[in-house]
Each structure stands twice: as C-alpha cells, then as structure tokens.
There are 2 protein chains.
Amino acid sequence: MKNQLLECVPNYSEGRDAAKIEKIADCFRGKEGVRLLDYQTDKDHNRMVVTVIGEPEPLRDAVIASFGVAVDLIDLNKHEGQHPRMGAVDVIPFIPCRGTTVEDADRIAKEVAQAVGEKYNVPVFLYEDSASAPHRQNLAAIRKGQFEGMAEKMQDKELWAPDFGPDTIHPTAGVSAIGARMPLVAFNVNLDTDRFEVADKIAKRIRHIGGGWRYIKAIGIDLSEKGIMQVSMNLTNYQKTAVYQAFETVKMEARRFGVNVLDAEVVGLLPMEALIDCASYYLQLSEDFDPMKQIMENRLLEDEE
Amino acid sequence: MKNQLLECVPNYSEGRDAAKIEKIADCFRGKEGVRLLDYQTDKDHNRMVVTVIGEPEPLRDAVIASFGVAVDLIDLNKHEGQHPRMGAVDVIPFIPCRGTTVEDADRIAKEVAQAVGEKYNVPVFLYEDSASAPHRQNLAAIRKGQFEGMAEKMQDKELWAPDFGPDTIHPTAGVSAIGARMPLVAFNVNLDTDRFEVADKIAKRIRHIGGGWRYIKAIGIDLSEKGIMQVSMNLTNYQKTAVYQAFETVKMEARRFGVNVLDAEVVGLLPMEALIDCASYYLQLSEDFDPMKQIMENRLLEDEE
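Keep in mind that what you see is a predicted model, and the values were worked out from it rather than measured.

(A) Here's a closer look at the interface of chain B and chain A. Contacts between the two partners involve 39 residues from chain B and, on the opposite side, 39 residues from chain A. Mapped by element, the contributors of at least two residues to the side of chain B that touches chain A are β3 (34-42), β5 (89-98), α8 (243-255), β11 (261-267), α9 (272-282) and α11 (296-300) of chain B. Sort the elements by how many residues they give to the side of chain B that touches chain A and α9 of chain B lands first, with six residues. Class assignment for the residues of the side of chain B that touches chain A results in 27 nonpolar, four polar and eight charged.

(B) Focus on the environment of R136 of chain A. All names here are of chain A. Among the structural elements, R136 can be located in the loop between β6 (124-126) and α4 (139-143). According to the C-beta neighbour criterion, R136 is buried, with 21 such atoms within 10 Å. C-alpha of R136 to C-alpha of T236: the two residues are 100 residues apart in sequence and 18 Å apart in space. Look past the residues within four positions of R136 in its chain and what remains in contact with it is F125, L126, Y127, A131, A141 and I142.

(C) Here's a closer look at the nonpolar core. Ranked by internal contacts, the top residues of the largest apolar core, which has 198 residues, are V243 and L275 of chain A together with V243 and L275 of chain B. With sequence-adjacent residues up to four places away left out, L275 of chain B is seen in contact with I276, A279 and I295 of chain A together with L270 of chain B.

(D) Layout of the pairing of strand β9 (residues 216-223) of chain A. All names here are of chain A. Two strands pair when backbone bridges link them, and β9 and strand β10 (residues 228-235) are joined in this way by eight bridges, in the antiparallel orientation. Counted as the bridge partner of I216 is L235 from β10. Linkage of β9 to β10, two consecutive antiparallel strands, is achieved through a turn of four residues, within which G227 is found at a positive phi near 75 degrees.

Each value, and the rule that gives it
- Residues numbered from 1 in each chain as written.
- Chains lettered and ligands numbered in written order.
- Predicted model: local features only at pLDDT ≥ 70, side-chain atom pairs only at ≥ 80, totals over all residues.
- Contact = placed C-beta atoms within 7 Å.
- Helix = DSSP H or I, 4+ residues; strand = E, 2+ residues; numbered from the N terminus.
- Nonpolar A, V, L, I, M, F, W, Y, C, P; charged D, E, K, R; others polar.
- Buried ≥ 20, exposed ≤ 12 C-beta atoms within 10 Å, placed from the backbone.
- Core = buried A, V, L, I, M, F, W, Y, C linked by C-beta atoms within 7 Å.
- Pairing = 2+ DSSP bridges.

In structure tokens form, the structure reads like this:
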C-alpha cells in the first residue's frame, strides 16, 4: 500500500440477493492497492454499504467497475426498501484517510463521476465538498423525490441539471450522488452526573450551530440507566477541529457545573492521524516529529522499495 | 501483513563489499510477510545493520536464510573494522512490534538459535531477555575477547558453553548472540532553562537507578548553544513504563525548579502502540477502545479476508 490512501463507502440498492451482493463485493477483492474492509447488507433497507480503502487510482477503477456491475444487476423499477434511494448506486462518498486531503478525494470523486456518466449513461450529482452549488451539498436534498420522482425533478434544469452524464435518468439505474467529504469521528464524553441539562447545555455551547467549534456537531444523551450523562459528538473535520480540542472543551465547560469527566469513547473507525495528533499535542512533540517516518506501522504501509 | 509482527535488527560483519551486502539484503526482499525497512553499512566499522519487520515465522525463516548466506560469504579471519565483533552474524535481536510480546520474540529467537546452530555449525549465545544466565544478558560481556579470543574463552565450559550449536567456534563464522529485547523508545524533553543542574537532577530522580521508574534510563544534556537543557531518556519497556508517564514525571519534577517544559521529541522509530497509549490516557478513552479494530490503518495491516 502507498502512503496515499482514500476511503470509499459506496451504497448499492441491493440488500437481499446474495449472488448479486457478492458480484458487487468481488469488484473490490484481489485488487492490487485496494482493500475491502467491510460490507453490510440490510434486507429491510434493501441496501448494501461497502467500506473499502485504497490508493486513489486503483480505488477509482474498482469503484467504476462496481458501478457497471450494479447497473447491470439492479433495476430500480423493481426495488423496494425502507431506505430512501434514487439509483442502483445511490451514493459514493470519497474520504481522505491517510496522506490525502479532501482535495484528493474531490479529484477522484469527479473522475469517477465523469467516467460513470459517460460509460453507463447515469446522471451524477456532485455532493458534499464536491458540490457545484450550495443547494446540492446535502444528499437528502438531492435525493428528495427518490427514483420515482427524479425524472420530473430533473426537468428543472436550472436547479437539477446533473454535473456529469445525460440530463435524463437512466431507465433502470436512476441517478447517483458522488462526492468528497471528511471522515466523521464519532467521539463521546461521559459525565459523572445524573443531570441531563448538564450534558445538554455543554453540547449546545460547544457545537458550531451554538457558537462553538466550526467542525463539532454535538447533542446531550441521557444515559440515566447507567447513572451518567453523555456529550455525543461528531467531529466533521478532525484535521481542523481536533479530538483533543473537543475533549478539553467538554472538560472546560463541565467545570461550570462542578461535574467531572468520567471517560470518553470513539465509536467506529478513525484514522490513526486523529489520535497521533492528540498524543503529539499532550506530549508537546516538536514539529520535527514525522509520524510517516517514525511510526513503525507507517513504514509497513509504504511501497516496497 | 498479519496483526502479529516482530522487528529484527541483525548485524553482519561485512560493510565494504557491495555484492556481498546485496546478497544478504536480498534474503529479506520479495518475501511474503517480511518487509526490509532499512539497511545501513559502515566501511570503518565493516558492518551491516539490517532493520526488518515481519510475521514471526516468515521473519524467522528469512533470518535463518540470511545467516547461511553470511556464513558462506564472510570469513572473520580476514575481517577488520573498528566495531567489536565475534561472528559473521554478530548479533540478532528480535523485538516485539505489533500484537506481540517479548515472549513471542523470545520463542522466535530460540528457534533461530537452534536452527543456525544445527544447520551452520555456529555456536549461539542467547542474550538480553533470552539469556540463560545473568552473566550472559549483556552483549558486551558475551562478545568480550571478540572473534580472535573466543576459542579460548569457550574453553571455560561452565561460564561460556553456548546455548545452541557446537561448543567450539566456527572456523570462519565465529559465534553469534541471539535474543529477545523490548524496543527502546528514545524520548527527550526540552526544558526552558539555562541551568544544566536542573536537567541533571531531574534525570537522576526519575531514572530507575536513582529510585525512579523501572524502565526509564535518563541523563541531562547540555544544549546551552540553544539556550536550553534536555532530559534525554531511553524507555526500555514502553508497555510497562509508558511515554506519558515519563513526560508527566519530567513536568512534575521541573516544577520544583520553577522550570517549564518547552517541547519533547521522539528520536528514531517507535511502535504506534506507544503513542496511541498516550492518546488513550489523555483522552480518557474507556477500555472498550480497540485500536486494532478501530484505527483504520490497523485494518490495512490485517490479513486479506
């Protein structure tokens, strides 16, 4: 593996037919520079969510190939499920993971969008950090109306002309959203209190919408069955609002209430960089420290000499 | 790569002949489960130091193969250099690196020692954490007398019978030391003072020999050309005396002198675990946190499914 890696979490509108599911997953298996980490299917949602990491170009090519397989296998006219959807490949986020930025993710997202638009005649809307207009950043706004309503929606060419591909929906594969976004770090801090208002007030003070850090989303969570309360956060750009900043801010605000922090938890995956940055901060490591060269495991992920 | 990895830093008594050097390095190239990180040669020392990481069994086999190549290529009777040496393969330390303990390193060290003793008729002394007696832990004690004096030294069978292999030296390849040891983390803390005695006194109070932490070695270093002083540490078992413990202890002792910590530095390589442990401590991550599963890069180092 190279030092430059992106994560991709494509969502396919097939969560029931094991043979089709495996054909899609196979697009990410045994490919040099690509690693299938996980795929989850949900019969009720009738949806498949793949988690794959890879070097930008091999990852791009595998995603394009999987798009073609999904277009061949999935007919949205026959698709039903609880999860909203607008395409055979509903949405493809590209996420910087290691040695990459959101700009790298954006470049690959646009290459995939162009390729699938041309090869498979599927209209593509760029979304999130790749969006071509503010009203197209939010996936829910793009997907509103779903597959069944998309043909009509796209007649409003001013608002909903696609960024790539034809300007009418694919008859069986619908439309897709593709874009770059930062990884979410789900980070919760547990408070030694049984007063919900403490967690609630802290969450409201530290989150962006309430005047707090630019990349913190937060809510208070009532864990009174455990006798504690929680500030539950999504850090939407850990490179700009760091995990240690979120943590120290919760501690700072908790002092107003005379409440102690019990512990913290990371939910799901996060990039090594997010935690190494915290170690560097607290240990006051000088700027000479080079994680890519000095952390052994990073050497293992380098190219072979 | 598997989750279980060892580091190995074998030292060969050849630092001048490029063809021979490459033949030794080749033993670690293109091998599944083995990664050659680095090799350095020194003409004055006439010595080659390889840094290689691998899964225990493939690493073991590559080291054994390199031993055979070195025995074929190197004749200690014709060897001269500034660095003390006693064998064609002078010393082979195995070091836990990722998902392994010093016991794993010890097991592989003994398997290599047995194999090279039998296959190549080279006597082997187990050293460091693999040593069979206290007087054989220290490499310098084993190597004293060097190649030229080893035949006579080994006549004292009570003190210097080898752990594996014949009880007389190999005529051209001498003897070898093989053993397990913990990785050293070289960690320095810079102090905002021009008084050397501050760094010196802190070093003496925190190191094991002075009553301090079990696995800290420390000295004061005079960096008065930069207007500062340094506490320079070797952490000889970061799993038992952690980097954050060393750092916080220096800060604690510096307060006695009204001196602030400026910053800190890591010299050379360290395992990811050593820094993730610090992030976990400072962020108060609960014990549910599983770095192997939750840090993306660790998933990349797993076996392919």
